[in-house]
Each structure stands twice: as C-alpha cells, then as structure tokens.
Amino acid sequence: MCKNGIDIDNIKIKLIAIGYNGINVVEDIKNLNNKIDCFAVEMNGFDFLNQTLKNCIKIPINYLSTEIEPEKVKIAVNEKMKEILEVITHTDVVIFVTSLAEGIGAAAINIIAKAAKDFGIFTLCIMPTCYSFEGKERIKKANENLVKLNSIVDSIITFESNNIQLIANRLP
C-alpha cells in the first residue's frame, strides 16, 4: 500500500501492442514481468508473435496489401471493438506501445485509446519517434498523429529512435 492509499499490489495493468513496433517491445516486457497482462493488436496475413505473447486480436486488414489505408483500418478496428473492450474492461491502467508514423498503429491507436478513456482507464502511450533517415514527410505525419493522440490519452512518453540505435550499436 502506498502513502496515498493506493493498493499498488492489486492495480490491474494491461500492456497493448499495436502493430510490429509495439509487439517487439511488449514481448521483451512480458519476458521480464509476468504480472502485466500483455495483448497485441495485429493485422491478418502477418504473424508477428512468437511464443512469448499469445494474446492477440487480429484486425481484418491484409498486411500484404500495397498500402494500409487509415480509413479501412479504423473500420476494421471498430469491427473488433467488442473483443478490444473485453481486454480493457476491469483494468486500471492501459499502456499502449506503437508507432505513430503510419500503418496500423497510427490508424488504430486513437480509437482504442479513446475507448479505454471512455471506461475511465488511465491511458499511457509509449512510442518511438521516427529515425532521421525516414524522411521529413514521415516525421511530419508522426508529429501530426502525436498531437491528435495527446488530446485523447493521459500521458505520452516518446523516445528517440536514433538514440536507441546508438545504444544498440554499443552493446556487445
């Protein structure tokens, strides 16, 4: 029990990965802490999951199509909303991990995060910035999506992808 009376041992936390970038991070976290329920939202046609992360909601969008259209992703997410709501119900905190530049994460995060907020759940998003080599247009798109998301969720943590690469290069 904390000083402020919150029973931190019984807080229900769910970590939801959306798309490829989020799933990689969540798999690593799941390996470190089994108390956090981890889920993934991914597209049909591309199975990112390995054996460590088994809870998955498949969005009926074909990853192999040439372009992921945000409007089609939004429709597909809404079709799976009942399953998504079952995951977030009876949860105190939802932590989302995704990319904001494009793809399923950028298209789906606002819808799913708003649903969590509507349930009175504390929402936290953790997301990487674009790499500098990804180009000005992609960086601009990610920044626009970040502004939209900021009006929906309680808190956002971003980290510099370029810095992650620098650290990774120094590892043995």
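All values reported here derive from a predicted model rather than from experimental measurement.

Caption draft 1: Geometry of helix H2 (residues 70-79). Looking at H2, one finds that the buried residues are Val73, Ala76 and Val77. Down the axis of H2, the smallest arc covering the buried residues is 100°, so these residues share one side. Residues of H2 that are exposed and point over 90 degrees away from its buried face: Glu71, Ile75 and Glu79.

Caption draft 2: Summary view of the pairing of strand S1 (residues 13-18). Counted residue by residue, S1 has five buried out of six residues, so it is predominantly covered. In the sheet, S1 pairs with strand S4 (residues 93-97) via five bridges, with the strands oriented parallel. Note that in S4 the partner of Ile13 across the bridge is Val93.

Caption draft 3: The arrangement of the nonpolar core in detail. In this structure, Ile16, Ile18, Val77, Ile88, Phe96, Ile112 and Leu149 are the most contacted members of the largest nonpolar core, which totals 32 residues. When contributions to this core are tallied by element, the ones reaching two or more residues are S1, strand S3 (56-62), H2, helix H3 (81-88), S4, helix H4 (103-118), strand S5 (122-128) and helix H5 (136-150). Ranked by residue count, the leading element in this core is H4, at nine residues. Leaving out residues up to four positions away in the same chain, Phe96 has contacts with Ile16, Ile18, Ile109, Ile112, Ala113, Ala116, Thr123, Leu124, Cys125 and Ile126. Core analysis: the second largest hydrophobic core is formed by six residues, Cys38, Val93, Val97 and Leu124 among them.

Caption draft 4: Seen up close, the pattern of salt bridges. Scanning all chains against the criterion turns up six salt bridges. Close ionic contact of Glu83 with Lys80 constitutes a salt bridge, the shortest N to O distance being 3.0 Å. Glu83 gets classed as partly exposed once you look at its relative accessible area, which sits at 33%. Under the relative-accessibility criterion, Lys80 is labelled partly exposed at 21%.

Caption draft 5: Unusual backbone geometry, seen in detail. Even without a glycine there, the phi angle at His90 is positive, about 60°. Take His90: it is sitting in the loop between H3 and S4.

Caption draft 6: Region of the structure containing the packing of H4 against H5. Where H4 contacts H5, the two axes come as close as 10 Å, and the packing angle between them is 5°. Here H5 runs roughly parallel to H4, going by the angle between their axes. On the side of H4, the interface is formed by Ala106, Ile109, Asn110 and Ala113, while H5 contributes Asn145, Lys148 and Leu149. For the contact of H4 with H5, the class distribution of residues is four nonpolar, two polar and one charged.

Caption draft 7: A look at H5. Between the first and last C-alpha of H5 there are 21 Å, a value that for 15 residues agrees with the 21 Å anticipated at 1.5 Å per step. Tucked inside the fold, the buried residues of H5 contact H4, S5 and strand S6 (155-159).

How each quantity is defined
Residues numbered from 1 in each chain as written. Predicted model: local features only at pLDDT ≥ 70, side-chain atom pairs only at ≥ 80, totals over all residues. Heavy atoms only, no water. Buried < 20%, exposed > 50% of the residue type's maximum accessible area, 1.4 Å probe, protein only. Helix = DSSP H or I, 4+ residues; strand = E, 2+ residues; numbered from the N terminus. Arc of directions from axis to C-beta. Pairing = 2+ DSSP bridges. Core = buried A, V, L, I, M, F, W, Y, C linked by side-chain atoms within 4.5 Å. Contact = heavy atoms within 4.5 Å. Salt bridge = Lys/Arg side-chain N within 4 Å of Asp/Glu carboxyl O. Axes fitted to C-alpha atoms, helices over the stretch in contact; angles between N-to-C directions. Parallel < 35°, antiparallel > 145°, perpendicular 65-115°, else oblique. Nonpolar A, V, L, I, M, F, W, Y, C, P; charged D, E, K, R; others polar. Expected span 1.5 Å × (residues − 1).

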